Amino acid sequence: MSPDVLRLADIDLADLRALLGAQGLAVECLAPDADIPGSYWGDSEAGLVGDRLYVRPDTPLHSALHEACHWLCTDAGRRAGLHTDAGGDDIEECAVCYLQILLADRLPDVGRARLMRDMDAWGYSFRLGSAAAWFARDADDARDWLRNRGLQHT
């Protein structure tokens, strides 16, 4: 059984589209039983192809934000060929996780606390044992990575 996490059916998709569309990333919501193009993990996980994020109503919100943040953290050259695997190194992956937590605060009725609980429930792994502990006490490298690229307030 899947963990109890926020799914796109639980939020107003227009809010996610507005948040990501302002950055140039389109969100395409597919039929509930459709295969998700560009999904790295398959099943209900979000997919990324070029400048388009693919989701279904059962896609976990954390997955949609995570893939969107991969797109936000790539440069134009990598975006041009983006399909399924955004690539990047370990510190970029940390920056992606940090940014998805920040963006959760910009979605009504979501917020960082809920998103971090969902990340823990889904099985994200952090050195300090939880997303909240990592975010509060061990994410300086991720924050610096985002700041150096002008993404801390995206």
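Residues numbered from 1 in each chain as written. Predicted model: local features only at pLDDT ≥ 70, side-chain atom pairs only at ≥ 80, totals over all residues. Heavy atoms only, no water.

*Asks:* Lay out the pattern of salt bridges in plain terms, naming residues and giving numbers.
*Replies:* Evaluation of the coordinates by the stated rule reveals nine salt bridges. Ionic pairing is found between Arg52 and Glu28, a salt bridge with its closest N-O pair at 3.5 Å. Of this pair, Arg52 sits in strand β3 (residues 52-55) while Glu28 sits in strand β1 (residues 26-29), placing them 24 residues apart in sequence. Here Arg52 falls in the partly exposed class, since its relative accessible area comes to 32%. Look at Glu28 and you get partly exposed, because its relative accessible area is 29%. (Salt bridge = Lys/Arg side-chain N within 4 Å of Asp/Glu carboxyl O. Helix = DSSP H or I, 4+ residues; strand = E, 2+ residues; numbered from the N terminus. Buried < 20%, exposed > 50% of the residue type's maximum accessible area, 1.4 Å probe, protein only.)

*Asks:* Before we move on, could you go through the packing of helix α4 (residues 90-104) against helix α5 (residues 111-122) and cite the residues and values that matter?
*Replies:* Relative orientation of the contacting elements α4 and α5 amounts to 135 degrees, with a least axis distance of 7 Å. Taken as axis vectors, α4 and α5 run oblique relative to one another. Residues Cys97, Gln100, Ile101, Leu102 and Ala104 of α4 touch α5, and the partners they reach there are Gly111, Arg112, Leu115, Met116 and Met119. (Axes fitted to C-alpha atoms, helices over the stretch in contact; angles between N-to-C directions. Parallel < 35°, antiparallel > 145°, perpendicular 65-115°, else oblique. Contact = heavy atoms within 4.5 Å.)

*Asks:* Let's hear about the packing of α4 against helix α7 (residues 140-148): which residues, and what values?
*Replies:* Orientation of α4 relative to α7, taken along the N-to-C sense of each, is 85 degrees, at an axis distance of 8 Å. Here α4 is positioned roughly perpendicular relative to α7, judged by the angle of their axes. Across from Ile91, Glu92, Cys94, Ala95, Tyr98 and Leu99 in α4, the residues of α7 making contact are Asp141, Ala142, Arg143, Trp145 and Leu146. Among the residues making up the contact of α4 with α7, the classes are represented as eight nonpolar, no polar and three charged. (Nonpolar A, V, L, I, M, F, W, Y, C, P; charged D, E, K, R; others polar.)

*Asks:* Explain the packing of aromatic side chains to me, using residue names and the numbers behind them.
*Replies:* Summed over all chains, the structure comprises five aromatic pairs. With a centroid separation of 6.5 Å and an interplanar angle of 10 degrees, the aromatic rings of Tyr124 and Phe126 are classed as stacked. Phe126 sits in the buried class, given a relative accessible area of 12%. Each residue in the set Tyr98, Tyr124, Phe126, Trp134 and Phe135 is aromatic and connected to the rest through ring pairs, giving one cluster. The aromatic ring of Trp71 is capped on one face by Arg79, whose charged end is 3.7 Å from the ring centroid. Across from the ring centre of Trp145, 3.8 Å away, lies the NZ or CZ of Arg149, which sits over that ring. (Phe/Tyr/Trp six-rings, centres within 6.5 Å; stacked < 30°, edge-to-face > 60°. Lys NZ or Arg CZ within 6 Å of the ring centre and 35° of its normal.)

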